[in-house]
Amino acid sequence: MTKTALIVVTRPHAVLQYLPKIKNCIKNNLYIFLLPENKLAMTSNQTRKLGSGARFAPSIIQLYKDTLQFNLDVRILLSGLRESLVPKIATSKRVEVVYMDSNLNKDKQGLLSTLITNKSLDCDFITTSEMEDDSNRQNYQTTESLKVYNNVVLGGTFDRLHTGHKILLSEAVLHCQKKITVGVTDSEMLKTKKLWELIEPTEVRIKNVREFLQEIEPRLEYEVVSISDMYGPTKDDPTFEMIVVSAETVRGSAKVNEVRVQNGLNQLEVHSVPLLPENHKDDEIEEDKVSSGNNRLRLLGTILQPPLQRPNLSVKPYIIGLTGGIASGKTAVSEYLQTLGAHVINADKLGHEVYQVGKPAYQNILTEFGDSVCCDDGSINRSALGSIVFEDKDKLLKLNSIVWPAIRDLLNERIKHFVENHGTHNIIVFEAALLLQAKWDDCCHEVWTCIVPPEEAIERMAKRDGLSEERARQRLDSQMSNVEQVRAANVVFCTLWTKAYTRKQVDRAWIELQQRLPFTNTAQDDDHNS
């Protein structure tokens, strides 16, 4: 199967005639290069230029809408629509197959050698004339003499570039003849977004935006910067002439112009791009528009990054480290995983055991903290011990240095016992709030993490444990943040919504796990409690 393909067409409607017939031959990426018939003569003379400002622009929005159904990373290359220079193709990914419509088949090798400026020229060419049917044309509106500006600006989060982002950026390109400035949201502004902890790092989003722009029109100048407020460079850059916004952020552009007037600058022309409807909502929780928020919801329960290689671990049983902050819902997730066939080991229960009289940690605790932490029967008074260590970080570290290795040793014992006596089970879930802090994750093949927004966790603690908001917040602040947890996770769940939606995420993770493991965990044993 071809990973990346390029379609070169003189008639946009032809794209929808080709795609149903070739979609199964393309795995990941599809470039569409639009070259209007009146531009063909230009390609034979690389030095020729036409007057600036004239445009022939089929509706990019409609073309993106029409190709959305094919579930490919589609990128519409725009340099062929600009009449000021000879068009160029410079894709970041190597094109393996080029499909060309019948108008281009006569001299396809010569045409592509003129257009393509990178290694994509080393590819196969496929004639598409047999796929064309002018009796069934898709009507694409065209725009002549599209107004253009020297300097265009726009902004957004641009998390995991989706079709809505591509349309927004493409509209900016079509209205620009010199330089585009893009502000990429950073800092506290992200925290208002749904599942913001899953947003790509700022440097990754900046790179992706720049790469996309350079692909669709390599001859413009681009400046892509991070912004920490809604204005970014628009509040003080006198060179900007036009701002491109989505329909839902038009009011924001009005505020930008207010600030520019206050600063003695020109008001920006505003170009509004309509929102793209979401025609494939996966759940009621999702938005009605194509959005990064929907994409992040769909990431829950999927592999976000490949598991680390653990040569010290046997392939079987496969061990999942399940973690998350306090009140994040990890116990509910582990209980459901148990019904699916996993064997669950709970770190809290192991922790209670290592404190027992006669266990190795018991004597080490008495040696370090004295008899004052003992009850009358000789058992450890964990409340008294807690009041000591939580007032002194050094003592807490000392206690952890005693208890955490003991829990690890007991975990290894349980796994060994499990292998010897429960051979029908293939997967172990080790539920541990301190999995990452204690570095127990190196005992696990994968890390699965549960998160909820901090305010939700505080509300749950108040209801469940009777804590005040202040005390609940203190407990939450003493733990790893959601961002840190997500950064270390292979799979993330969010238990903010209904139990059914949480289980849907877990089902997704469980099914994917079965598919990628060299064995399956089909056994359902009643005796798999830790």
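Visitor: Outline the sheet that holds strand E2 (residues 26–34), supporting the account with residue identities and numerical values.
Guide: Reading across the sheet, the five strands line up as E4-E2-E1-E5-E6 and stay open at both edges, with parallel pairing between neighbours. Of all strands in the sheet, those bounded by a partner on one side alone are strand E4 (73–77) and strand E6 (124–127). Along the sheet, successive strands turn relative to each other by an average axial angle of 20°, direction set aside. Note that strand E1 (residues 2–9) and strand E5 (residues 97–100) share four bridges and pair parallel. Directly across from Ala5, in E5, lies its bridge partner Val97. Packing against the sheet, helix H1 (residues 13–22) makes contact with E1, E2 and E5, and its axis sits at approximately 155° to E1.

Visitor: If you had to explain the sheet that holds strand E9 (residues 176–185) to someone new, which residues and values would you point to?
Guide: What links the strands of a sheet is backbone hydrogen bonding, and the strands pair in either a parallel or an antiparallel sense. Strand order in the open sheet made by the five strands is E10-E9-E8-E11-E12, with parallel pairing throughout. At either end of the open sheet lies a strand with only one pairing partner, and these are strand E10 (221–227) and strand E12 (269–273). Strand-to-strand, the axes of this sheet are offset by a mean angle of 25°, without reference to chain direction. Pairing geometry for E9 and E10, over seven bridges, is parallel. By the bridge assignment for E10, Gly183 is matched with Val225. Sheet strands in contact with helix H5 (residues 202–216) are E9 and E10, and its direction is about 160° off that of E10.

Visitor: Go over the nonpolar core with me, naming the residues and quoting the values.
Guide: Counting residues in hydrophobic clusters, the biggest one holds 67 residues, and the most contacted among them are Ile180 and Val182. Filtering out sequence-adjacent residues up to four positions away, Val182 remains in contact with Leu154, Phe158, Leu169, Val209, Leu213, Glu223, Val224 and Val225. Core analysis: the second largest hydrophobic core is formed by 35 residues, Val354, Leu366, Val373 and Leu436 among them.

Visitor: An account of the packing of helix H11 (residues 382–389) against helix H12 (residues 393–421) is requested, with residue identities and associated values reported.
Guide: Closest axis-to-axis distance for the H11/H12 pair is 7 Å, and the angle between their directions is 130°. Here H11 is positioned oblique relative to H12, judged by the angle of their axes. Touching Leu385, Ile388 and Val389 of H11 are Lys393, Lys395, Leu396 and Leu399, all from H12. Split into classes, the residues belonging to the contact of H11 with H12 amount to five nonpolar, no polar and two charged.

Visitor: I'd like to hear about the side chain of His162, residue by residue, with values.
Guide: Inspection of the secondary structure assignment puts His162 in the loop between strand E8 (149–156) and helix H4 (163–174). Residue His162 is classed as buried on the basis of its relative accessible area, which comes to 11%. Residues within four places of His162 in sequence aside, it is in contact with Val290, Ser291, Ser292 and Asn295.

Visitor: I'd like a description of the pairing of strand E14 (residues 343–346), backed by residues and values.
Guide: A two-sided burial pattern is seen for E14, the buried positions comprising His343 and Ile345 on one face and Val344 and Asn346 on the other. Inspection of the sheet shows E14 paired to strand E15 (residues 427–431) by four bridges, in the parallel sense. Each residue of the ladder has a partner; that of Val344, found in E15, is Val429.

Visitor: Let's hear about the state of the cysteines: which residues, and what values?
Guide: All told, the structure shown has zero disulfides when counted by the stated rule. Left without a disulfide partner, Cys444 is nearest to the cysteine sulfur of Cys443, which lies 6.2 Å away.

Visitor: Residue-level account of the packing of aromatic side chains, with values.
Guide: Evaluation of the coordinates by the stated rule reveals four aromatic pairs. Ring plane angle 85° and centroid distance 5.5 Å describe the contact between Trp497 and Tyr501, whose orientation is recorded as edge-to-face. Judged by relative accessible area, Trp497 falls into the partly exposed class, the value being 24%. By relative accessible area, Tyr501 is classed as buried at 5%. An aromatic cluster of three or more residues is present, and its members are Trp404, Phe430 and Trp440.

Visitor: Explain helix H10 (residues 360–369) to me, and be specific about the residues and the numbers.
Guide: If you check which residues of H10 are buried, you get Ala361, Tyr362, Ile365, Leu366 and Phe369. Summarising the axial view, the buried residues of H10 lie within an arc of 135°, below the 170-degree limit, and thus occupy one face. More than 90 degrees from the buried face of H10, the exposed residues found are Pro360 and Thr367. Each element contacted by the buried residues of H10 is listed here: helix H9 (347–354), H11 and H12.

Visitor: Can you break down unusual backbone geometry residue by residue, with the values?
Guide: Cis peptide bonds are those with omega within 30 degrees of zero, and the linkage from Lys316 to Pro317 qualifies with 5°. One can find Pro317 in the loop between helix H7 (292–299) and strand E13 (318–324). Within the chain, Asn71 stands out as a residue other than glycine whose phi angle is a positive 55°. With respect to the helices and strands, Asn71 occurs in the loop between helix H2 (60–67) and E4. With relative accessibility at 69%, the residue Asn71 sits in the exposed group. If you check the backbone angles, Leu195 has positive phi at about 50° while not being a glycine. Locating Leu195 in the fold gives a position in the loop between E9 and H5.

Each value, and the rule that gives it
- Residues numbered from 1 in each chain as written.
- Predicted model: local features only at pLDDT ≥ 70, side-chain atom pairs only at ≥ 80, totals over all residues.
- Heavy atoms only, no water.
- Pairing = 2+ DSSP bridges.
- Helix = DSSP H or I, 4+ residues; strand = E, 2+ residues; numbered from the N terminus.
- Axes fitted to C-alpha atoms, helices over the stretch in contact; angles between N-to-C directions.
- Contact = heavy atoms within 4.5 Å.
- Core = buried A, V, L, I, M, F, W, Y, C linked by side-chain atoms within 4.5 Å.
- Buried < 20%, exposed > 50% of the residue type's maximum accessible area, 1.4 Å probe, protein only.
- Parallel < 35°, antiparallel > 145°, perpendicular 65-115°, else oblique.
- Nonpolar A, V, L, I, M, F, W, Y, C, P; charged D, E, K, R; others polar.
- Disulfide = S-S within 2.5 Å.
- Phe/Tyr/Trp six-rings, centres within 6.5 Å; stacked < 30°, edge-to-face > 60°.
- Arc of directions from axis to C-beta.

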